[in-house]
Each structure stands twice: as C-alpha cells, then as structure tokens.
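Take a look at the letters that make up each chain.
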Amino acid sequence: MVVVGALAVHAEQFRPGGELLSGNSPDVAVRYAAVFARLMAELADVTVAPPLPNPRWVRWDHTDSGVWPAIEFLDERDQSAVPAYVVDTADRVRKRMLAADPPCVLGHADFEAQNLRWSDGHVWAVHDWDSLAWQPEAALAGAACGAFVRSAGPPTLPPIESSAAFLAAYQDLRGRQFTVEEQEIAWAASLWRAAHDARWEALHGDTPVCGDAVRSQAAERLRRANA
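Described below are features of the structure shown in this document. (Residues numbered from 1 in each chain as written. Predicted model: local features only at pLDDT ≥ 70, side-chain atom pairs only at ≥ 80, totals over all residues. Heavy atoms only, no water.)

## Thoughts on helix H6 (residues 180–204)
Here H6 contains 25 residues, and its C-alpha end-to-end distance of 37 Å stays within 8% of the 36 Å for a straight helix at 1.5 Å per residue. Buried residues dominate H6, accounting for 20 of its 25 residues. One or two steps after H6, the chain reaches Gly205, where phi turns positive at roughly 70°. (Helix = DSSP H or I, 4+ residues; strand = E, 2+ residues; numbered from the N terminus. Expected span 1.5 Å × (residues − 1). Buried < 20%, exposed > 50% of the residue type's maximum accessible area, 1.4 Å probe, protein only.)

## A short note on the side chain of Asp197
Locating Asp197 in the fold gives a position in helix H6. If sequence neighbours within four positions are ignored, Asp197 has contacts with Arg150, Pro155 and Cys210. (Contact = heavy atoms within 4.5 Å.)

## Section: the environment of Asp78
Residue position: Asp78 is located in the loop between helix H2 (72–75) and helix H3 (84–98). Taking the C-alpha atoms as reference, Asp78 lies 9.4 Å from Ala202; in sequence the two are 124 residues apart. A polar contact of 2.7 Å, which involves the side chain of Asp78, links it to the side chain of Ser80. (Polar contact = N/O pair within 3.5 Å; in protein donor to acceptor, adjacent residues only side chain to side chain.)

## Things to note about helix H5 (residues 160–174)
An ideal rise of 1.5 Å per residue puts 21 Å on 15 residues; H5 measures up with 21 Å between its terminal C-alpha atoms. Considered for burial, the residues of H5 that qualify are Ile160, Ser162, Ser163, Ala165, Phe166, Leu167, Ala169, Tyr170 and Gln171. Contacts from the buried residues of H5 go to helix H1 (26–43), helix H4 (137–147), H6 and helix H7 (209–225). Downstream of H5 by one or two residues, Gly175 has phi in the positive range, about 75°.

## A word on the environment of Val30
You can see Val30 is positioned in helix H1. Along the backbone, Val30 and Tyr170 are 140 residues apart, and their C-alpha atoms lie at a distance of 7.7 Å. Residue contacts for Val30: discarding those within four places in its chain leaves Ala165 and Ala169.

## Some words on the pattern of salt bridges
The full count for this structure, using the stated rule, is 14 salt bridges. In this structure, Arg150 and Asp197 form a salt bridge, with 2.2 Å as the shortest nitrogen-oxygen distance. One end of the pair, Arg150, is in the loop between H4 and H5; the other, Asp197, is in helix H6, with 47 residues separating them in the sequence. Across the pair, Asp197 and Arg150 agree in class, each one buried. One salt bridge connects Glu220 with Arg223, and the closest N-O pair in it is separated by 2.7 Å. Taken as a pair, Glu220 and Arg223 lie in helix H7 at a separation of three residues, close to a single helical turn. Taking the relative accessible area as the measure of exposure, Glu220 reaches 25% and is therefore partly exposed. Looking at Arg223, the relative accessible area reads 55%, which means it is exposed. Each of Asp110, Glu112, Arg150, Arg193 and Asp197 takes part in salt bridges that share partners, so that together they form one network. (Salt bridge = Lys/Arg side-chain N within 4 Å of Asp/Glu carboxyl O.)

Right, dumping it as structure tokens:
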C-alpha cells in the first residue's frame, strides 16, 4: 500500500477458485482461528498510517453522539424499529470496550466465511482487504470469533462454544494468552458486530435472524465480557 495525496492505494492479487468452508462447530472455528492468527502475525510487520475511520460494522470506537456511529442511510430510518434489547446490548458492549485502553494494531475486520476460499483443506484466498481496522488485537479477534460463520445467508452468531474455541486456538497459535481484560474485550467485540447487524435487520424490516441470535446469546456473552 502506498499513500498518494490524501488517498491510500493498494492492490490485491486475484486468486479465483477455491470453496467456501461452511459450518459453525468448534472444529471449524479452530480452522478459521488458525488463518486469522496467521494474518495477524503477518500484518504485525506492516507499517502504515491507521486506516481510520474503521469499517462501520466494527466502529464501536466512534466519537459520535449516541450508541451507534453516525451512518446517514441508517440514521434516517425509524429508529423505534430497533428492539430495546439490541440497543441495550450495543450500549453495554461499547461501554465495556471503551473502558479499556490497550494498544491498537492493524487487522482484517471482515473476517467471515464468504470472504475466504479453501482448497484441499487449506486456505486458498482471503478477500476484502479494504476492510482493515485499527483496533486492539483482542477486539479484532473477538469480532472475528463472532463473525467467521457468515456466508451467503443472513448474518448470525456461531454457538458460544465455537467462539470460545476460536479464541483459545487463536491465543495458542499467537503464543500469547490474553489478559483477563483482553478476554473480556474479545467477548464484548463478538457481540458488537451482531448488534450492528440486528439493528440493520430491524431498520430494513428483515427477518431477525441475527436479532434472534443476539436475544438468545447476549446474556452469556455479556457475562463473559463483564459488561
């Protein structure tokens, strides 16, 4: 990536082919965690200016008023359509993450099944590199552990045990265990993306697939986040 005036210009190699890796089991989560750990290790050697603002779906660190980041095409819709439990979840998650101040790193912020391809059991390509974010490592890993299952269908959350398997494998492969605070940040981040998507569903009148997942899993994920 190079800087040209006020723009950051980058190029990607197109690698056609490969297949989606579907599933939400702990075993599948571990395979995705291995790829994410590898990406984070490689990105640690990349020196660029922080790619701010972060993508809207992980922008819990915004400085706008209110719970959500200012996104005009969402804000102009009827906010009363968003269930109170979704707003409450997002508010508690955001407060927990903002209460910590770990260093930020560069990471892939749209790490989900539809953006990866696999061949012969190995990762073949990782797409969507314009979705980089500058956030704490635990927040990036947490977002990934809650989003890796997303493919062509409506977004949702994986089972809690699969997110836990992802985080455990990620730390093992990175060779560093998260602190208690980082563990909490990771679990909080796993919910922010889901709350964002649940809000999206409500504002667009979609079937609340992610909304139902947030309703059923929020209490336990918030408990693990100490939020």
